[in-house]
Amino acid sequence: MIYILLLIYLISLRLLELAIAKSNARYQIDRGAVVVSDRYYPLIVTVHVLFIISLITESYMSHQFNQSLSVSLLIIFIFLQVLRFWVILSLGRYWNTKVIINPSGGRLVKKGLYKYVKHPNYWVVFLELITIPLLFGAYITAVVFPVAHMLLMTKRIPLENEALKKYTQ
C-alpha cells in the first residue's frame, strides 16, 4: 500500500509542478519575459513520463509492490523532497520547467540552495532519479534515467547559462 501512496504522491506532485510552471510562465510572459527555444525540452518531458512508467512497470514486475520499504532510502527521499520544495520556493515566480528569461534585465536568484550550488534543481532531480527507483526496487530504472538526465543536462544547462548570462545582471 505504501508504494501506491508514494506513486500517487509522485504523480500528483509532478502534475502540480506542471500547473505551477504554467502559471509562472504566464506570469513572467505577461511581464515581458521570453521563452528560450529549447529543442531538448520535449525529450526532457518524455524522459520524466517514461521514468514513471518504468518505475511502475519494473517494480510491479519484480515484486508486485510487496517488497519491504528501506527506511534509510525513505529518509533520503523525504530529504530530497525538502530540497525540491526549497528550490521551488527560492525561485518563486521564476521557477519553471522551461527556460524563461526577462530581457529587461532580471537578477540572478542567489538565495536558498542557489546561494551554495549552481542549478540545484537539476541535482535534486538527478538524486531523485536514483533514490526513488532504489526505494521501489527498480534497479534498471535507477541506472537508465539518471544517465538520461545527465545527458540532457549537458544540453540544458549551457542553454540556461547562456540565456542567464545574456539577460541578467
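As a reminder, the structure under discussion sits directly above these lines.
Quick summary incoming for the structure in this document. (Residues numbered from 1 in each chain as written. Predicted model: local features only at pLDDT ≥ 70, side-chain atom pairs only at ≥ 80, totals over all residues. Heavy atoms only, no water.)

**Structural notes on helix H4 (residues 120-136)**
An α-helical turn contains 3.6 residues, so any two residues separated by three or four positions project in the same direction.
Here comes step 1: A rise of 1.5 Å per residue sets the reference length of H4, with its 17 residues, at 24 Å; its end C-alpha atoms lie 24 Å apart and thus fit the reference within 8%.
Here comes step 2: Across the 17 residues of H4, 13 count as buried, placing the element largely inside the fold. (Helix = DSSP H or I, 4+ residues; strand = E, 2+ residues; numbered from the N terminus. Expected span 1.5 Å × (residues − 1). Buried < 20%, exposed > 50% of the residue type's maximum accessible area, 1.4 Å probe, protein only.)

**With respect to a nonpolar patch on the surface**
Here comes step 1: There is a patch of nonpolar side chains on the surface, built from Ile 140, Val 143, Val 144, Val 147, Met 150 and Leu 151 and spanning about 570 Å² of accessible area.
Here comes step 2: Looking at the secondary structure, you find Leu 151 in helix H5 (residues 139-167). (Patch = residues over 30% accessible without salt bridge, like charges linked within 9 Å, V, L, I, M, F, W, Y side chains within 5 Å. Areas by Shrake-Rupley, 256 points an atom, 1.4 Å probe, with all protein chains shown as cover. Salt bridge = Lys/Arg side-chain N within 4 Å of Asp/Glu carboxyl O.)

**Some points on the nonpolar core**
Here comes step 1: If you look at the biggest cluster of nonpolar residues, it comprises 23 residues, and the most contacted ones within it are Leu 10, Phe 51, Leu 55, Phe 77, Ile 132, Leu 135 and Phe 136.
Here comes step 2: Every element with two or more residues in this core is listed here: helix H1 (2-30), helix H2 (41-63), helix H3 (71-91), H4 and H5.
Here comes step 3: Considering each element in turn, this core owes the most residues, six residues, to H4.
Here comes step 4: For Phe 77, the residues in contact, after removing those within four places along its chain, are Leu 6, Tyr 9, Leu 10, Thr 131, Ile 132 and Leu 135.
Here comes step 5: Of all hydrophobic cores here, the second largest spans 11 residues; its members include Val 87, Ile 88, Trp 95 and Val 124. (Core = buried A, V, L, I, M, F, W, Y, C linked by side-chain atoms within 4.5 Å. Contact = heavy atoms within 4.5 Å.)

**Brief notes about the layout of surface pockets**
Here comes step 1: Estimated volume of the largest pocket: approximately 1300 Å³.
Here comes step 2: Taken together, 49 residues form the lining of the largest pocket, with Trp 95, Asn 96, Asn 121, Tyr 122 and Glu 160 sitting closest to its centre.
Here comes step 3: Among the elements that make up the lining of the largest pocket, the one with the highest residue count is H5 (eight residues).
Here comes step 4: Each residue belonging to the lining of the largest pocket can be placed in one class, and the counts come to 26 nonpolar, 11 polar and 12 charged. (1 Å grid on protein atoms, 1.4 Å probe; cavity = no way out; pocket = protein on both sides within 12 Å on 5 of 7 lines; lining within 4 Å. Points joined across faces, edges and corners; volume = space filled by probe spheres on them. Nonpolar A, V, L, I, M, F, W, Y, C, P; charged D, E, K, R; others polar.)

**Quick look at the environment of Ile 52**
Here comes step 1: Take Ile 52: it is sitting in helix H2.
Here comes step 2: Sequence separation between Ile 52 and Leu 80 is 28 residues, and the spatial gap between their C-alpha atoms is 17 Å.

**Concerning the pattern of salt bridges**
Where charged atoms from two side chains of opposite charge approach closely, those side chains can pair.
Here comes step 1: Taken as a whole and judged by the stated rule, the model has five salt bridges.
Here comes step 2: Between Arg 84 and Glu 17 there is a salt bridge whose closest N-O contact spans 2.5 Å. Placement of Arg 84 in helix H3 and of Glu 17 in helix H1 is noted, with a sequence separation of 67 residues between them.
Here comes step 3: Two residues, Arg 156 and Glu 160, come together in a salt bridge whose shortest N-O distance is 3.9 Å. Here the residue Arg 156 and the residue Glu 160 both occupy positions in helix H5, the gap between them amounting to four residues, near one helical turn.
Here comes step 4: Classification of Arg 156 as buried rests on a relative accessible area of 3%.

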